[in-house]
Amino acid sequence: ELKVEQNPLFLSMQEGKNYTIYCNYSTTSDRLYWYRQDPGKSLESLFVLLSNGAVKQEGRLMASLDTKARLSTLHITAAVHDLSATYFCAVDLGGASKLTFGTGTRLQVTL
Amino acid sequence: DVKVTQSSRYLVKRTGEKVFLECVQDMDHENMFWYRQDPGLGLRLIYFSYDVKMKEKGDIPEGYSVSREKKERFSLILESASTNQTSMYLCASSWQGYNEQFFGPGTRLTVL
């Protein structure tokens, strides 16, 4: 059974600081997705990582995938309040079209 | 832009009622999914469908059924609602072979 673990589960950080969210998974996969969810809202796709070594960047967020380590990271650079949200990673085993989601990391950026 | 819509944002029902949640997507996606989201439990897959009239059980199908009569529409049915089905329900869709899922706005269901 595929397990996807994120840490930390909750992160409070000051504006301007850097931090990394980790997503570990238990079965070989070379496809992983990151989503953002604002309070009371649905999930919005952030990044699609489709191979080992893939790196994607959008603004202050950068995501990477290391399939050998079964690890993806979401790095936040110089955080701003607007980044406050819950971030989910989701692993794709292919074939069956299903995704397995991590438990989410709630990010709170304080002024 | 991909658009996934859900029939209600908020719904309040009584125990024992039959509840229909409807999801419609406009991007000709083959795959459609129903999840529920609860605090501390993340997203859990209830059912999914990869074609019209096809359905597969997800991780927590008990107490739910689904219907997919048309490609763009996927319905989740609670045959007899119970209080432990109070939750946020999210619908998603994706293309066959490319599994990035696009989510609807969610339905917050309360069962009294």
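Residues numbered from 1 in each chain as written. Chains lettered and ligands numbered in written order. Predicted model: local features only at pLDDT ≥ 70, side-chain atom pairs only at ≥ 80, totals over all residues. Heavy atoms only, no water.

### So, the sheet that holds strand β7 (residues 64-70) of chain B
Working definition: the strands of a sheet are paired by backbone hydrogen bonds and lie parallel or antiparallel to each other. Residue and element names in this part refer to chain B. This is how the line gets drawn: Should DSSP find at least two bridges between two strands, the strands are regarded as paired. Only runs of H or I of at least four residues qualify as helices and only runs of E of at least two qualify as strands under DSSP, and these elements are numbered from the N terminus. Every axis in this analysis is a line fitted to C-alpha atoms, fitted for helices over the stretch in contact. Angles between the N-to-C directions lie between 0 and 180 degrees.
Strands sit in the order β1-β3-β8-β7 across an open sheet of 4 strands; the sheet is antiparallel. Sheet topology places β1 (4-6) and β7 at the edges, where each strand pairs with a single neighbour. Each strand axis lies, on average, 20 degrees off the axis of its neighbour in the sheet, ignoring direction. Bridge count for β7 against strand β8 (residues 73-78) is 5 bridges, and the pairing is antiparallel. In the sheet register, Lys 70 faces β8, and the bridge partner there is Arg 73.

### Remarks on the sheet that holds strand β8 (residues 71-76) of chain A
Residues and elements named next belong to chain A. Judged by pairing direction, the sheet is antiparallel, and its 5 strands sit side by side in the order β1-β3-β8-β7-β6 without closing on themselves. The strands lining the two open edges of the sheet, one partner per strand, are β1 (4-7) and β6 (55-58). Neighbour-to-neighbour, the strand axes of this sheet turn through a mean angle of 15 degrees, independent of strand direction. Bridge analysis of strand β7 (residues 61-66) against β8 gives 6 bridges, and the strand direction is antiparallel. Across the sheet, the residue bridging to Ala 63 is Leu 74, located in β8.

### Here we look at the packing of aromatic side chains
All names here are of chain B. What counts, and what does not: The rule is short: rings of Phe, Tyr and Trp, with Trp giving its six-membered ring, pair when the centres are within 6.5 Å, and they are stacked under 30 degrees, edge-to-face over 60, tilted in between. Note on exposure labels: buried denotes an accessible area under 20% of the residue type's maximum, exposed denotes more than 50%, and partly exposed covers the range between, all computed with a 1.4 Å probe on protein chains only.
According to the stated counting rule, one finds 9 aromatic pairs over all chains in the structure shown. Here Phe 33 and Tyr 35 contribute two aromatic rings whose centre-to-centre distance is 6.3 Å and whose plane-to-plane angle is 25 degrees, an arrangement assigned as stacked. Exposure remark for Tyr 35: the relative accessible area of 1% places this residue in the buried category. Between Tyr 35 and Phe 103 the ring centres are 5.7 Å apart and the planes differ by 35 degrees, which places this aromatic pair in the tilted class. Taken together, the positions of Tyr 35 in strand β4 (residues 31-38) and Phe 103 in strand β10 (residues 98-103) put the pair 68 residues apart, joining distant regions of the chain. Each member of the pair, Tyr 35 together with Phe 103, is buried.

### Points about unusual backbone geometry
The step from A:Asn7 to A:Pro8 runs through a cis peptide bond, and the omega angle for that step is 0 degrees. Mapping A:Pro8 onto the fold places it in the loop between β1 and β2 (10-14). One non-glycine residue with positive phi stands out, namely B:Asp28, at about 60 degrees.

### Some details on the pairing of strand β11 (residues 105-110) of chain A
All names here are of chain A. Residues of β11 alternate between two faces, with Thr 105, Leu 107 and Val 109 buried on one and Arg 106, Gln 108 and Thr 110 left unburied on the opposite face. Alignment of β2 against β11, held across 5 bridges, turns out to be parallel. Paired with Gln 14 across the bridge in β11 is Thr 110. Bridge count for strand β9 (residues 85-92) against β11 is 3 bridges, and the pairing is antiparallel. Residue Tyr 87 lies in a different strand from β11, and its bridge partner there is Thr 105.

### Focus on the side chain of B:Ser94
Keep this limit in mind: The contact rule is simple, with two residues in contact once any of their heavy atoms fall within 4.5 Å.
You can see B:Ser94 is positioned in strand β9 (residues 87-95). Look past the residues within four positions of B:Ser94 in its chain and what remains in contact with it is B:His29, B:Glu30, B:Asn31, B:Phe33, B:Asn99, B:Glu100 and B:Gln101.

### Considerations on the environment of B:Leu21
All names here are of chain B. Looking at the element boundaries, Leu 21 is found in strand β3 (residues 19-25). Residues Leu 21 and Ser 8 lie 13 residues apart in sequence; the distance between their C-alpha atoms is 7.6 Å. In this structure Leu 21 touches Ser 7, Leu 11, Trp 34, Phe 74, Ser 75, Leu 76, Tyr 89 and Thr 107, once residues within four positions along its chain are discounted.

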